[in-house]
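Letter by letter, the chains look like this.
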Amino acid sequence: MFSIKKAIKKERARLNRNYFISFFILILVAYLTFAAISLSVVKGWQSYFTIAYALIIELLILINIFKLYFESKFSVDISFEKIKIHQPLKGNLPLQPSKVVYVDVISNKDDFDIVIFIKGKRVKRLLKLNENGEFKRIYKILNEKYNEDEFYYYIIKKGGAKKYFYLYKLYKNCFEAEFSRKAMEYIKLFMEEYNLS
């Protein structure tokens with residue numbers, strides 16, 4: 001049976017393992033390049049080619065390390081007053097829980113994304129919901145319920161198994177929001193595992 005706690009633990013272990021492997025390769029490439037040049041394994045123009053090649057590999061590994069770091073720093077703080085989505089390099093995205101009207105999930109193979117639908121004035125980085133787009137069924141539901149045609153949405157893609165917690169916090173703090181059947185299944189799973197009511 002699927003366990004959220006185990007999934008979070010595995011994700012932490014995978015992140016630490018990826019950090020370790022990346023740093024190990026970074027040091028190994030630098031050492032092997034230095035050793036090859038010092039022991040004259042490569043000479044002349046070959047040494048310049050080896051250094052250039054090593055620098056490209058080191059740069060790619062550093063990019064991967066930064067990517068891992070920034071992905072691990074993504075977080076969503078949810079309370080009755082405010083939803084604050086923290087995205088490294090992009091800054092914070094503040095949303096009002098009272099403006100959240102619908103929450104849905106998009107299931108992937110081993111993960112899911114949370115889709116938050118909002119009414120009212122557009123906030124930067126939110127996508128406009130329209131009647132011919134990807135979520136036309138939800139647009140129809142919201143348009144009938146609120147008699148408005150200005151709705152926006154944001155998709156939470158990062159966070160791994162922490163998204164179960166984010167979904168639960170949305171459920172507890174967004175009183176006006178309707179949750180899809182699939183979203184409620186994920187919330188129920190979280191509540192059962194953590195013995196919440």
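Just so it is clear, the model here is predicted, and its values are computed rather than measured. (Residues numbered from 1 in each chain as written. Predicted model: local features only at pLDDT ≥ 70, side-chain atom pairs only at ≥ 80, totals over all residues. Heavy atoms only, no water.)

A. The arrangement of the nonpolar core in detail. With 35 residues, the main nonpolar core has Ile83, Ile114, Leu167 and Leu170 as its most contacted residues. Membership of the second largest hydrophobic core comes to 13 residues, among which are Val115, Leu129, Ile138 and Tyr153. (Core = buried A, V, L, I, M, F, W, Y, C linked by side-chain atoms within 4.5 Å. Buried < 20%, exposed > 50% of the residue type's maximum accessible area, 1.4 Å probe, protein only.)

B. Expanded view of the sheet that holds strand E1 (residues 75–78). As summarised here, the arrangement of the 3 strands in space is E1-E2-E3, forming an open sheet in which the pairing is antiparallel. This sheet does not close on itself; its edge strands, each paired only once, are E1 and strand E3 (91–95). For this sheet, the mean angle separating the axes of adjacent strands, direction not counted, is 15 degrees. Pairing analysis gives 5 bridges linking strand E2 (residues 83–87) to E3, with the strands arranged antiparallel. Its bridge partner lying in E3, Ile85 is registered against Leu93. Set on the sheet, helix H4 (residues 163–173) makes contact with E1 and E2; between it and E1 the angle comes to about 20 degrees. (Pairing = 2+ DSSP bridges. Helix = DSSP H or I, 4+ residues; strand = E, 2+ residues; numbered from the N terminus. Axes fitted to C-alpha atoms, helices over the stretch in contact; angles between N-to-C directions. Contact = heavy atoms within 4.5 Å.)

C. Layout of a nonpolar patch on the surface. Together, Phe20, Ile21, Phe24, Ile25, Leu28, Tyr31 and Leu32 give the surface a local cluster of nonpolar side chains, amounting to about 710 Å² of exposed area. Assignment of secondary structure puts Ile21 in helix H1 (residues 4–38). (Patch = residues over 30% accessible without salt bridge, like charges linked within 9 Å, V, L, I, M, F, W, Y side chains within 5 Å. Areas by Shrake-Rupley, 256 points an atom, 1.4 Å probe, with all protein chains shown as cover. Salt bridge = Lys/Arg side-chain N within 4 Å of Asp/Glu carboxyl O.)

D. Main features of the environment of Tyr186. Looking at the secondary structure, you find Tyr186 in helix H5 (residues 181–193). You can call Tyr186 buried: its relative accessible area is 13%. Spatially, the C-alpha atom of Tyr186 lies 56 Å from that of Ser47, the residues being 139 residues apart in sequence. Tyr186 has contacts with Val105, Ser107, Phe112, Tyr164 and Leu167, leaving out every residue within four places of it along the chain.

E. The arrangement of the pairing of strand E5 (residues 112–119) in detail. When you tally the buried positions in E5, you get 8 out of 8 residues, the bulk of the element. Residues Phe112, Ile114, Ile116 and Ile118 line one face of E5 and the alternating positions Asp113, Val115, Phe117 and Lys119 line the opposite face, and both faces are buried. Summarising the sheet, strand E4 (residues 100–107) and E5 pair through 7 bridges and their orientation is antiparallel. The partner of Asp104 across the bridge, within E5, is Val115. Once E4 ends, the chain turns through 4 residues before running back antiparallel as E5. Where E5 and strand E7 (residues 151–156) come together, 6 bridges link them in antiparallel fashion. Its bridge partner lying in E7, Ile118 is registered against Tyr152.

F. Quick look at the sheet that holds strand E8 (residues 178–179). Strands sit in the order E6-E7-E5-E4-E8 across an open sheet of 5 strands; the sheet is mixed. Strand pairing shows two members of the sheet lacking a second neighbour, strand E6 (127–129) and E8, which therefore form its edges. In this fold H5 packs onto E4, E5 and E8, with an angle of close to 80 degrees to the strand it touches most, E4.

G. Focus on the pairing of E1. Every second residue of E1 is oriented toward a common face, the buried set being Val76 and Ile78 and the non-buried set Ser75 and Asp77. Two strands pair when backbone bridges link them, and E1 and E2 are joined in this way by 4 bridges, in the antiparallel orientation. Its bridge partner being in E2, Ser75 is matched across the sheet by His86. From the end of E1 to the start of E2, which pair antiparallel, there are 4 residues.

H. Up close: the side chain of Ser22. With respect to the helices and strands, Ser22 occurs in helix H1. Ser22 has contacts with Ile61, Asn64, Ile65 and Leu68, leaving out every residue within four places of it along the chain.

I. Spatial organisation of the packing of H4 against H5. At a minimum axis distance of 9 Å, the contact between H4 and H5 shows a crossing angle of 105 degrees. Looking at the two axes, H4 sits roughly perpendicular to H5. Facing H4, whose interface residues are Tyr164, Phe165, Leu167, Tyr168 and Tyr171, H5 presents Ala183, Met184, Tyr186, Ile187, Leu189, Phe190 and Met191. Split by residue class, the contact of H4 with H5 holds 12 nonpolar, no polar and no charged. (Parallel < 35°, antiparallel > 145°, perpendicular 65-115°, else oblique. Nonpolar A, V, L, I, M, F, W, Y, C, P; charged D, E, K, R; others polar.)

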